[in-house]
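# Inside the fold
Each chain, written out:
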Amino acid sequence: MAEALDLQADEREALLAIYEGDDAFKEIDATRFQYKYGEDDDCKSFLVEIEWGDDYPLEKPVINMEMFYNRNLFPAVKEKIRSVLMEEAEQWLGCGMTYNLFECLKEHLDELTSEQPDLIVVESPDLNTIGVSAIHISDSSDIKKKEPKKEQLTKAQKRRQWDRADHKGDRPRGWNWVDIVKHLSQTGHKEQQTAESNANNTIFQPLNS
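Because the structure is a prediction, the values reported are computed rather than measured.

## Focus on a negative patch on the surface
- Together, Glu3, Asp6, Asp10 and Glu13 make up a negatively charged patch on the protein surface.
- Among the secondary structure elements, Asp6 is positioned in helix 1 (residues 2–18).

## Description of the packing of helix 2 (residues 75–90) against helix 3 (residues 98–106)
- Helix 3 packs onto helix 2 with a crossing angle of 130° between their chain directions and a minimal axis gap of 10 Å. Comparing the axis directions of helix 2 and helix 3 gives the class oblique. As for the relative orientation of helix 2 and helix 3, their crossing is right-handed in sense. On helix 3, the residues touching Ile81, Val84, Leu85, Glu88 and Ala89 of helix 2 are Leu101, Cys104 and Leu105.
- Within the contact of helix 2 with helix 3, the residues separate by chemical class into seven nonpolar, no polar and one charged.

## Here's the deal with the nonpolar core
- Counting residues in hydrophobic clusters, the biggest one holds 25 residues, and the most contacted among them are Phe46, Val48, Ile81, Leu85, Phe102 and Leu105.
- When sequence neighbours within four positions are dropped, the list of residues in contact with Phe102 reads Tyr19, Phe25, Phe33, Gln34, Tyr35, Tyr37, Val48 and Ile50.

## Concerning the packing of aromatic side chains
- With the rule as written, the count across this model stands at eleven aromatic pairs.
- With a centroid separation of 6.4 Å and 75° between ring planes, the pair formed by Phe25 and Phe102 is classed as edge-to-face. With Phe25 in strand 1 (residues 25–29) and Phe102 in helix 3, this residue pair connects regions lying 77 residues apart in the sequence.
- Considering the side-chain rings of Trp52 and Tyr56, the 4.9 Å spacing of their centres and the 10° angle between planes classify their relative orientation as stacked. The burial state of Trp52 is the same as that of Tyr56; both residues are buried.
- By the ring-pair criterion, three or more aromatic residues cluster together here, those being Tyr19, Phe25, Phe33, Tyr35, Tyr37, Phe46, Trp52, Tyr56, Tyr99 and Phe102.

What counts and what doesn't
- Residues numbered from 1 in each chain as written.
- Predicted model: local features only at pLDDT ≥ 70, side-chain atom pairs only at ≥ 80, totals over all residues.
- Heavy atoms only, no water.
- Patch = residues over 30% accessible without salt bridge, like charges linked within 9 Å, V, L, I, M, F, W, Y side chains within 5 Å.
- Areas by Shrake-Rupley, 256 points an atom, 1.4 Å probe, with all protein chains shown as cover.
- Salt bridge = Lys/Arg side-chain N within 4 Å of Asp/Glu carboxyl O.
- Lys, Arg positive; Asp, Glu negative; His and termini not counted.
- Charge placed at Lys NZ, Arg CZ, Asp CG, Glu CD.
- Helix = DSSP H or I, 4+ residues; strand = E, 2+ residues; numbered from the N terminus.
- Axes fitted to C-alpha atoms, helices over the stretch in contact; angles between N-to-C directions.
- Parallel < 35°, antiparallel > 145°, perpendicular 65-115°, else oblique.
- Left-handed = near helix turned anticlockwise from the far one by under 90°.
- Contact = heavy atoms within 4.5 Å.
- Nonpolar A, V, L, I, M, F, W, Y, C, P; charged D, E, K, R; others polar.
- Core = buried A, V, L, I, M, F, W, Y, C linked by side-chain atoms within 4.5 Å.
- Buried < 20%, exposed > 50% of the residue type's maximum accessible area, 1.4 Å probe, protein only.
- Phe/Tyr/Trp six-rings, centres within 6.5 Å; stacked < 30°, edge-to-face > 60°.

Such coordinate-based values are descriptive only and should not be taken to indicate function.
Pasting the structure below:
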């Protein structure tokens with residue numbers, strides 16, 4: 001057992017040096033270490049915990065996949081990962097193997113998670129509703145909002161709009177008011193013409209017997 005403890009102390013020191021600055025690696029305590037594969041919002045992401053027993057590395061470590069982080073990971077996927085690690089550990093008995101175990105999974109991630117879907121739908125027992133755990137949409141399927149078409153004006157129309165404005169983009173007060181004097185003069189002129197026309201018709205109209 002003393003030999004195992006010495007080997008553990010050396011391996012722990014090596015692990016901390018190798019994974020320094022790697023956010024995916026985490027030391028839980030002196031005999032438990034975790035490594036995260038993939039991003040947090042990825043349904044295929046998972047966490048592996050390796051725990052050393054008293055006689056490690058003269059015996060295989062304990063592989064734990066039952067963390068809350070792996071709650072959406074299919075049981076078959078968990079078992080496949082655990083099986084690969086146990087098979088790899090068999091080759092390293094008597095030597096520090098935690099680094100080798102963590103690294104061997106990186107080479108087989110696609111194969112190990114092939115049965116894990118990209119989308120997980122979870123039914124809520126309290127609200128009887130269905131929620132989506134994660135959705136991955138490629139950039140090519142993004143829908144672009146259509147921008148409203150701007151009215152195309154001719155140079156003459158633009159110049160008329162500019163002349164009506166005060167050259168700051170604002171129209172002067174009363175730009176759409178009716179010219180009352182002009183309106184009355186036109187209206188009065190038309191009424192005078194109508195009256196004269198009626199008078200002429202009256203004068204030249206023959207009398208009925």
